[in-house]
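Commentary on secondary and tertiary structure
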Amino acid sequence: MSNDDKLLLDLNVPLFQKKLFELDATEVKKVFKTFQKLRILTWNEVFRDHGLKWEQIKNEQGTFSIILSLSYRAVVERDGAFMLFQTLHLDHDGAYGKR
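Everything numeric here is computed off the predicted structure, so don't read it as measured data.

1. Notes on the confidence of the model for the chain
- Overall, the predicted model of the chain reaches an average pLDDT of 90, with 91% of residues at or above 70.
- Ranking the helices and strands of the chain by mean pLDDT puts strand 1 (residues 8–10) first, with 97, and helix 4 (residues 92–95) last, with 57.

2. Quick look at the pattern of salt bridges
- Counting across every chain of the model gives 3 salt bridges.
- Two residues, Glu 22 and Lys 18, come together in a salt bridge whose shortest N-O distance is 2.7 Å.
- With relative accessibility at 48%, the residue Glu 22 sits in the partly exposed group.
- In this structure Lys 18 comes out as partly exposed when scored by relative accessible area, which is 46%.
- Here Asp 49 makes a salt bridge to Lys 37, at a shortest N to O gap of 2.9 Å. Note that Asp 49 is positioned in the loop between helix 3 (43–48) and strand 2 (55–56) and Lys 37 in helix 2 (residues 25–39), a separation of 12 residues in sequence.
- When salt bridges with common partners are traced through the structure, they connect Lys 18, Lys 19 and Glu 22 into a single cluster.

Thresholds applied
- Residues numbered from 1 in each chain as written.
- Predicted model: local features only at pLDDT ≥ 70, side-chain atom pairs only at ≥ 80, totals over all residues.
- Heavy atoms only, no water.
- pLDDT = per-residue confidence, 0-100.
- Helix = DSSP H or I, 4+ residues; strand = E, 2+ residues; numbered from the N terminus.
- Salt bridge = Lys/Arg side-chain N within 4 Å of Asp/Glu carboxyl O.
- Buried < 20%, exposed > 50% of the residue type's maximum accessible area, 1.4 Å probe, protein only.

In structure tokens form, the structure reads like this:
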């Protein structure tokens, strides 16, 4: 697995799906637009994309946050070629466990 390979999306975590299915139609369109963008990127492109704001979550090895829309951020993990979506958060701090 190289960072020059295209990434694959894994949206199968139940907690992530629960929050995704609760979004209104307008927000779903925005989030799915980001999913479409991600499907054509390599890992290196994800790391460099300023709009996605890929950030490692401190004290959590292999756990990152990524912007899916202006309102929502996801917590993800990398497993080989897969970007595993773990949770979906309405605000930036929620993705980092702050409240």
